[in-house]
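Notes for the structure review
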Amino acid sequence: MCGIVGLFLKDKSLEPELGALLSSMLVTMTDRGPDSAGIAIYGDASGNNAKITIQSANPKKDFAGLEAELGQAVGAPVTIQVKSTHAVITLAKDLLDTGKAAVSELRPNIRIMSSGDAIEIYKETGLPKDVVSRFAVNSMAGTHGIGHTRMATESAVTTLGAHPFSTGSDQCLVHNGSLSNHNNLRRELKREGMTFETENDTEVAAAYLTAEMAKGKNLGQALEGAVDDLDGFFTFVVGTKSGFGVVRDAIACKPAVMAETDQYVAFGSEYRALVNLPGIENARVWEPEPATVYFWDHQKVA
Amino acid sequence: MPVIDLATTPLRELNSALHNIQNGSNDLSFEVVNPRGSHSVAVGIDAPVTVDVKGSVGYYCAGMNDGGTVTVHGSAGPGVAENMMSGTVVIEGDASQYAGATGRGGLLVIKGNAASRCGISMKGIDIVVHGNIGHMSAFMGQSGHLVVLGDAGDALGDSLYEAKLFVRGSVKSLGADCIEKELRPEHLTKLAELLEKAGVSEVRPEEFKRYGSARKLYNFNIDNADAY
């Protein structure tokens, strides 16, 4: 099954509540996927700093002293905020690539979950309510975010097998369904220079979109290509630095419900996930059409 | 009239109350409040009860209904009125995928739009949709009537047996073995009856087109192998 939730805020006054609203949506979707949960939150991207979210199986050892070592390696001050098994490194935007390379060198066991101006990703195995409380998602502010509760089908129940998958700067993707041509597509994408961390079908979809956008397509065009090039069942919800998109395959048997008000656009695998949102009683609620790309962007809304 | 608040009462209590109605009972009208997208609301009714659900429901609402009248004052998730035997189910809003699937009898009225696979494998149920229906609707439909006041999506009536389909708007495409058929007087009479039962006025039966099976595929014939 798997459960997907997503929330794209139009009303700035709701931004402090983003984490709390998304957490409530995610926990409601527990019985669609109790194996693992993950959430991507897009915060304020207006400053000159960028963020790298890292994860370690041994956080005490790996995160100790990293702030000083990393600062020395990139030649500028960095800050690290540790949250359970994850930590968010904040550093100057122009040091992002240097910083990522330095992290991999200093702590080869650490996994980079996401990087970019706005995105932070937290994901772990376990029940959604435990995952959101572990990372204090409730108290997070942001402009938009997506979440996933996983019932594993195509690959192992591990932290890395949890969604969202991020394969490009400020990009992430969550998936309900299963892809049937992911092995072949993975081979083709590897040939184009993409790298993979798991055997997961969803990571292939995320990498496909990243590769298509690297060729100059915008996200909308990349999602339209996905309808033709990805074989299998899927409802995808994707996030970019300022945008939020939804697409389903042409058969569209994986469930999806959307709601829009003046304050937000919301996505849920089921209507139940949306019932605690403010003003949902008067929202426009609809089921996204198969093979149709839906996309919202803060730059266009503003 | 019993009012069941699903914010405080477990769903199982509602369904047990509906299943335990004895012959001669006076409490035959139920109101359900705060459904908040719950699954399996009012499933398995087998008595002539009336249930008014004030809000939207999730999966499988009013499934297997036999003789009840269930009205959802909101929208319904996937599989509403699946395998209905008899009675009436009315959705004031929209319905998600496979509404009325495998229904054997009774009437399902959707006042908004229905999504894909509406009436899939229908076996005697009558379905009236005031709005549009999605792709693959009435797939393998065996008997009963599907009446659509709006438009139909792709592959309407694919692999259809004897279900009768009436669409007033456009049909994006017809599925394998589904063809447009003549609208004869008996069909106009039946349509008028269904429209009246579904509370539709100011729409004339003559405005619809009828679709049905070409009957080429439902007995295997090697000459038709390419069409499968």
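Residues numbered from 1 in each chain as written. Chains lettered and ligands numbered in written order. Predicted model: local features only at pLDDT ≥ 70, side-chain atom pairs only at ≥ 80, totals over all residues. Heavy atoms only, no water.

As annotated in an unreviewed UniProt entry, chain B carries the name Protein GlxC and comes from Rhizobium indicum.

As annotated in an unreviewed UniProt entry, chain A carries the name glutamine--fructose-6-phosphate transaminase (isomerizing) and comes from Rhizobium indicum. Here is the UniProt Catalytic activity (unreviewed entry) comment for chain A, exactly as written: "D-fructose 6-phosphate + L-glutamine = D-glucosamine 6-phosphate + L-glutamate". (UniProt positions renumbered as here; feature names shortened; annotations may be inferred.)

**So, the overall build of chain A**
Looking only at helices and strands, chain A has nine helices and 15 strands in total. For 302 residues, the compact-globule estimate of 2.2 N^0.38 gives 19 Å, and chain A sits close to it at 18 Å. Projected onto its principal axes, the C-alpha positions of chain A cover 50 × 45 × 35 Å. Put simply, chain A has 302 residues, and 59% of those count as buried. Considering only contacts in chain A between residues 6 or more positions apart, those separated by 24 or more positions represent 72%. Carbon and sulfur atoms make up 49% of the accessible area of chain A, which totals about 11,800 Å². Of the side chains in chain A, 27 bear a positive and 37 a negative charge, and the two mean positions are spaced by 3 Å. (Helix = DSSP H or I, 4+ residues; strand = E, 2+ residues; numbered from the N terminus. Rg over C-alpha atoms; globule rule 2.2 N^0.38 Å. Buried < 20%, exposed > 50% of the residue type's maximum accessible area, 1.4 Å probe, protein only. Contact = heavy atoms within 4.5 Å. Areas by Shrake-Rupley, 256 points an atom, 1.4 Å probe, with all protein chains shown as cover. Lys, Arg positive; Asp, Glu negative; His and termini not counted. Charge placed at Lys NZ, Arg CZ, Asp CG, Glu CD.)

**Notes on a nonpolar patch on the surface**
Among the surface-exposed residues, Phe220, Ile222 and Tyr228 of chain B lie close enough to one another that they form a single nonpolar patch of about 400 Å² accessible area. With respect to the element layout, Tyr228 of chain B can be found in the segment after strand S11 (209–213). (Patch = residues over 30% accessible without salt bridge, like charges linked within 9 Å, V, L, I, M, F, W, Y side chains within 5 Å. Salt bridge = Lys/Arg side-chain N within 4 Å of Asp/Glu carboxyl O.)

**Focus on the UniProt feature "domain: Glutamine amidotransferase type-2" (unreviewed entry) in chain A**
The UniProt feature table records "domain: Glutamine amidotransferase type-2" (unreviewed entry) at residues 2–299 of chain A. End C-alpha to end C-alpha, residues 2–299 of chain A measures 31 Å, and it is 27% helix and 31% strand.

**Description of the nonpolar core**
Core analysis: the largest hydrophobic core is formed by 48 residues, its most contacted members being Val51, Leu108 and Leu146 of chain B. Per element, the largest residue contribution to this core is three residues, and it comes from strand S7 (residues 123–129) of chain B. The contacts of Leu146 of chain B, once residues within four sequence positions are left out, are Cys118, Met122, Ile127, Val129, Ile133, Ser137, Ala138, Lys164, Leu165 and Phe166 of chain B. Counting residues in hydrophobic clusters, the runner-up holds 31 residues, among them Leu9, Val132, Tyr264 and Leu277 of chain A. (Core = buried A, V, L, I, M, F, W, Y, C linked by side-chain atoms within 4.5 Å.)

**Thoughts on the environment of Leu7 of chain A**
Residues and elements named next belong to chain A. Along the polypeptide, Leu7 turns up in strand S1 (residues 3–9). What makes Leu7 buried here is its relative accessible area of 0%. A sequence separation of 116 residues divides Leu7 from Lys123, and the C-alpha atoms of the two residues are 17 Å apart.

**A few points about the UniProt feature "domain: Glutamate synthase alpha subunit C-terminal" (unreviewed entry) in chain B**
The feature "domain: Glutamate synthase alpha subunit C-terminal" (unreviewed entry), as annotated in UniProt, sits at residues 47–180 of chain B in this numbering. With 0% helix and 31% strand, the stretch residues 47–180 of chain B has end C-alpha atoms that lie 38 Å from each other.

**Re the interface of chain B and chain A**
The interface is formed by 12 residues belonging to chain B together with 16 residues belonging to chain A. With both chains or domains summed, chain B and chain A bury close to 980 Å², and 45% of this area falls on carbon and sulfur atoms. Inspection of the region where chain B meets chain A yields zero salt bridges. Across the chain B-chain A interface, the total number found is seven residue pairs in polar contact (both at pLDDT 80 or more). (Buried area = accessible area lost by both parts, 1.4 Å probe. Polar contact = N/O pair within 3.5 Å; in protein donor to acceptor, adjacent residues only side chain to side chain.)

**Overview of the side chain of Ser242 of chain A**
Residue and element names in this part refer to chain A. Relative to the helices and strands, Ser242 resides in the loop between strand S10 (232–239) and strand S11 (243–248). A polar side-chain atom of Ser242 sits 2.8 Å from a polar atom in the side chain of Asp297. Those residues within four positions of Ser242 in sequence are excluded, and the remaining contacts are Phe8, His144, Trp296, Asp297, His298 and Gln299.

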